[in-house]
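One-letter residues, chain by chain:
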Amino acid sequence: GGGGGGARAYSRDSEGSWFRSLFVHKVDPRKDAHSNLLSKKETSNLYKIQFHNVKPECLDAYNSLTEEVLPKLHLDADYPCDLVGNWNTWYGEQDQAVHLWRFSGGYPALMDCMNKLKQNKEYLDFRKERSRMLLSRRNQLLLEFSFWNEPLPRQGPNIYELRTYKLKPGTMIEWGNNWARAIKYRQENQEAVGGFFSQIGELYVVHHLWAYKDLQSREETRNAAWRKRGWDENVYYTVPLIRTMESRIMIPLKISPLQ
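It should be emphasised that the depicted structure is a prediction, and the values quoted were computed from it without experimental measurement.

Participant: Please give an account of the overall build of the chain that cites residues and values.
Facilitator: For the chain, the helix and strand inventory stands at 8 helices and 8 strands. Every one of the 259 residues in the chain was classed for burial, and the buried ones make up 45%. Surface accessibility of the chain: about 14500 Å² in total, with carbon and sulfur atoms responsible for 53%.

The structure is reproduced here in structure tokens:
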């Protein structure tokens, strides 16, 4: 009797496995990494974003030191790096600085820059002084989405919103496909500055950078998007891909090319 019951149990398990297999999504093997499918082919730009959490009593001194030293690297043709933007967080994490750099030439440009900075006494002194002002720091290396604007200098005054999305692993292609169709709904007021996804550091992270005249303008621009047919569809399909999301409102530093 025991053997027969075992056989029947085995048969039911097999049937259940077969039935479940009908509903399992069959994954198409990718022919290329999502970084190659989604990033710009015509440029080999690599971006670095830095988040510096500053001791509250040191923020003014930190900003002054940063504004003195970083433009020298930006203007020195011997360093293949450009400042894209420099900000303090206004709403979000307080006493925080955010810096966005572009390395024209990808990873070789980044390594060239790093090796030269190791020999740059002024920069080493700057880092030493800066370290006394910081509570913590982190960075990521990013690529830019092919369908977003190139982040170019702009006149101010503006406030900037950095919206950060941490996606479920494996969903970056789907995110890119949806946003490639949807970005047109968010460009009428020139608010779209840049869109990036992480390559090194925390992975499956997307950063969208927007510019607005003020918080009221932000509210009106975002509300206007919902009145455009197709925007709600983008939200419907992309929200399930997100694990967490965060919004920072940022104010440019005096040296920032994005004002």
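Once the structure has been displayed, the description carries forward.
Participant: I'd like a description of the packing of aromatic side chains, backed by residues and values.
Facilitator: For the structure shown, the criterion picks out 13 aromatic pairs. Look at Tyr123 and Phe126: their rings are 5.6 Å apart centre to centre, the planes differ by 45°, and that puts the pair in the tilted class. Taken together, the positions of Tyr123 and Phe126, both in helix 5 (residues 121–131) and 3 residues apart, correspond to about one turn of that helix. Among the residues examined, Tyr123 registers a relative accessible area of 11% and is labelled buried. Overall, Phe126 belongs to the buried group, its relative accessible area being 3%. Pairing Phe145 with Phe197 gives two aromatic rings, centres 4.8 Å apart and planes at 40°, and the pair type is tilted. Here Phe145, found in the loop between strand 4 (134–144) and strand 5 (159–167), pairs with Phe197, found in strand 6 (residues 192–200); they are 52 residues apart in sequence, far enough to count as distant. For Phe145, a relative accessible area of 0% corresponds to the buried category.

Participant: I'd like to hear about the side chain of Arg163, residue by residue, with values.
Facilitator: As for its position among the elements, Arg163 is in strand 5. By relative accessible area, which is 11% here, Arg163 ends up buried. A distance of 2.8 Å separates the side chain of Arg163 from the side chain of Glu161, its partner in a polar contact. Setting aside residues no more than four positions away along its own chain, Arg163 makes contact with Val206, His207, His208, Trp210, Arg218, Arg222, Met245, Glu246 and Ser247.

Participant: Account for the pattern of salt bridges, naming residues and giving values.
Facilitator: This structure, assessed with the given rule, holds 12 salt bridges. A salt bridge links Lys254 to Glu67; the nearest nitrogen and oxygen atoms lie 3.8 Å apart. Here Glu67 lies in helix 3 (residues 59–75) and Lys254 lies in the segment after strand 8 (242–252), a separation of 187 residues in the sequence. For Glu67, a relative accessible area of 19% translates into the label buried. In this structure, Glu202 and Lys166 form a salt bridge, with 3.5 Å as the shortest nitrogen-oxygen distance. Highlighted residues: Glu202 in the loop between strand 6 and strand 7 (205–212) and Lys166 in strand 5, separated in sequence by 36 residues. Overall, Lys166 belongs to the partly exposed group, its relative accessible area being 30%.

Participant: Which residues make up the confidence of the model for the chain, and what are the values?
Facilitator: Here the chain averages 88 in pLDDT, and 85% of its residues register 70 or above. Overall, residues 7–11 carries pLDDT values under 50, and its contacts beyond four positions in sequence, including any with other chains, amount to 0 contacts. In the predicted structure, residues 24–29 sits below a pLDDT of 50 and forms 1 contact with residues beyond four places in sequence or in another chain.

Participant: Could you give an account of the environment of Lys254, with specific residues and numbers?
Facilitator: Residue classification places Lys254 among the exposed positions, given a relative accessible area of 71%. Taking C-alpha positions, Lys254 is 8.3 Å from Asn86, a pair spaced 168 residues apart along the chain. The residues contacting Lys254, other than those within four sequence positions of it, are Glu67 and Gln259.

Participant: Any chance you could break down unusual backbone geometry for me, citing the residues and the numbers?
Facilitator: Here the amide bond leading from Gly156 into Pro157 is cis, since omega sits at 0°, within 30 degrees of zero. Counting through the fold element by element, Pro157 comes out in the loop between strand 4 and strand 5. A positive phi angle, close to 60°, is found at Gln190, a residue other than glycine. Turning to its location among the elements, Gln190 is positioned in the loop between helix 6 (172–182) and strand 6. The phi angle at Tyr204 is positive, at roughly 55°, despite the residue not being glycine.

Cut-offs used in this document
Residues numbered from 1 in each chain as written. Predicted model: local features only at pLDDT ≥ 70, side-chain atom pairs only at ≥ 80, totals over all residues. Heavy atoms only, no water. Helix = DSSP H or I, 4+ residues; strand = E, 2+ residues; numbered from the N terminus. Buried < 20%, exposed > 50% of the residue type's maximum accessible area, 1.4 Å probe, protein only. Areas by Shrake-Rupley, 256 points an atom, 1.4 Å probe, with all protein chains shown as cover. Phe/Tyr/Trp six-rings, centres within 6.5 Å; stacked < 30°, edge-to-face > 60°. Polar contact = N/O pair within 3.5 Å; in protein donor to acceptor, adjacent residues only side chain to side chain. Contact = heavy atoms within 4.5 Å. Salt bridge = Lys/Arg side-chain N within 4 Å of Asp/Glu carboxyl O. pLDDT = per-residue confidence, 0-100.

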